[in-house]
Amino acid sequence: MGRISDTTEEERLVIRECIKEAFWYRSLPLGVATSMSVHFAVRTGKIRTTRYGAWPIIVGAGSLAYLVGKLTYIFGENCSRKFLEKAPDSDITAQLKIKRGNDESITKSWPSVEERNLGFADILEDFDFSRTSDVEKSIMDDCNSTAFWKYSVPLSLISSGLIYTAIKAGLLKASKRNTTFPRLPKMLVGGGLGYIAGQWLYVYSRDCTNRFHNFAPDGEIARRLRGEVVGQEDLVCMDCLG
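Notes on the structure in this doc start here. (Residues numbered from 1 in each chain as written. Predicted model: local features only at pLDDT ≥ 70, side-chain atom pairs only at ≥ 80, totals over all residues. Heavy atoms only, no water.)

### A closer look at the overall build of the protein
When its secondary structure is counted, the protein shows 10 helices and 0 strands. The secondary structure elements of the protein, listed N-terminal to C-terminal, are α-α-α-α-α-α-α-α-α-α. Looking at the protein as a whole, 31% of its 242 residues are labelled buried. Considering only contacts in the protein between residues 6 or more positions apart, those separated by 24 or more positions represent 67%. Of the roughly 15400 Å² of accessible surface on the protein, a fraction of 60% belongs to carbon and sulfur atoms. (Helix = DSSP H or I, 4+ residues; strand = E, 2+ residues; numbered from the N terminus. Buried < 20%, exposed > 50% of the residue type's maximum accessible area, 1.4 Å probe, protein only. Contact = heavy atoms within 4.5 Å. Areas by Shrake-Rupley, 256 points an atom, 1.4 Å probe, with all protein chains shown as cover.)

Structure below.
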């Protein structure tokens, strides 16, 4: 078994981040996509059902995809990169360097926080917005508005429309419990998933990251995106000024 009790707090934070990102960025999307694909294959007769119905096959395939997604993320380069960036002096990082032949050029060639698509999400996770300037707050408001109106709302409507079309075409079954609006439950689920996908697609687009680099290059968020270390002497309490 692993020696979790011997790990440092810094290492445990990285491990928790790896597990969290593995769920949202790999396990959940892969599990949902696999389950929907298998469900469609069963409905079209490409996969035979068992005597217990189609759900054992769907749940089994989705669970396997979930597990594969989680393991490939945790044991892949994403987590290794996190240890090299956020816990460079830890024992785990030392083992990673030994495993890779202690080649410094490898660690330098890997993308920095600024170059990673998920760097912006990582920074916002533990960021204190009370220290931001008015310009940075305005940029964040613009980012939220853009993510909502140009990404989440359209994808939510498209997902709901696709679910409606699939039910009408007989690819999905309507709800048996909600007899008044039988298509509504699945349409709401599709809309919710589309909304979440829109938020993450906006993060991947790097539009908000570029806004901070262009319009607030000296702000704390832009400096963190560039990988600069922001010390306590650099932090300003915006409410204390004046």
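### Quick look at the side chain of Ser156
If you trace the backbone, Ser156 turns up in helix 7 (residues 134-168). Overall, Ser156 belongs to the buried group, its relative accessible area being 16%. Among the polar contacts made by the side chain of Ser156, one reaches the main-chain carbonyl oxygen of Gly191 at a distance of 2.9 Å. Setting aside its immediate chain neighbours within four residues, Ser156 contacts Gly191, Gly194 and Tyr195. (Polar contact = N/O pair within 3.5 Å; in protein donor to acceptor, adjacent residues only side chain to side chain.)

### A look at the state of the cysteines
Scanning the entire structure with this criterion turns up 2 disulfides. Two residues, Cys18 and Cys79, share a disulfide whose sulfurs are 2.2 Å apart. Of this pair, Cys18 sits in helix 1 (residues 9-43) while Cys79 is found in helix 3 (residues 77-86), placing the two residues 61 residues apart along the sequence. Just as Cys18 is buried, Cys79 falls in that class too. Paired by a disulfide, Cys143 and Cys208 hold their sulfur atoms 1.9 Å apart. Taking the sign of the torsion about the S-S bond as the criterion, the disulfide between Cys143 and Cys208, at about 100 degrees, is right-handed. Taken as a pair, Cys143 in helix 7 and Cys208 in helix 9 (residues 207-215) lie far apart in primary sequence, 65 residues in all. On the accessibility criterion, Cys143 (1% relative accessible area) is buried. (Disulfide = S-S within 2.5 Å.)

### Here's the deal with the packing of helix 7 against helix 9
The axes of two packed helices give the description: the angle between them and the distance between them. Two numbers describe how helix 7 lies on helix 9: the axes approach to 10 Å, and their chain directions differ by 155 degrees. Here helix 7 lies roughly antiparallel to helix 9, going by the angle between them. Handedness of the helix 7/helix 9 crossing: right-handed. Residues Val135, Glu136, Ile139, Met140, Asp142, Cys143 and Thr146 of helix 7 pack against Asp207, Cys208, Arg211, Phe212 and Phe215 of helix 9. Its residues assigned to classes, the contact of helix 7 with helix 9 comprises 7 nonpolar, 1 polar and 4 charged. (Axes fitted to C-alpha atoms, helices over the stretch in contact; angles between N-to-C directions. Parallel < 35°, antiparallel > 145°, perpendicular 65-115°, else oblique. Left-handed = near helix turned anticlockwise from the far one by under 90°. Nonpolar A, V, L, I, M, F, W, Y, C, P; charged D, E, K, R; others polar.)

### Overview of the environment of Val203
Residue placement: Val203 occurs in helix 8 (residues 184-205). Linking Val203 and Ala147, residues 56 residues apart in sequence, is a C-alpha distance of 8.4 Å.

### As for the environment of Met187
On the secondary structure map, Met187 appears in helix 8. In this structure the C-alpha to C-alpha distance between Met187 and Leu157, which are 30 residues apart in sequence, comes to 9.3 Å.

### Side note on the nonpolar core
In this structure, Ile139, Met140, Cys143, Ala147, Tyr202, Cys208, Phe212, Ala216, Ile221, Ala222 and Leu225 together form the largest nonpolar core, which totals 11 residues. Among the secondary structure elements, those contributing two or more residues to this core are helix 7, helix 9 and helix 10 (220-225). Tallying contributions element by element places helix 7 first for this core, with 4 residues. Judged by nonpolar contacts, the second largest core, of 9 residues, contains Cys18, Ala22, Phe83 and Ala87. (Core = buried A, V, L, I, M, F, W, Y, C linked by side-chain atoms within 4.5 Å.)

### Focus: the packing of helix 1 against helix 2 (residues 55-74)
Across the interface, helix 1 lies against helix 2 with an axial gap of 7 Å and an inter-helix angle of 150 degrees. In terms of orientation, helix 1 lies roughly antiparallel with respect to helix 2. Between helix 1 and helix 2 the crossing geometry is right-handed. The residue makeup of the contact of helix 1 with helix 2, split by class, is 15 nonpolar, 8 polar and 3 charged.

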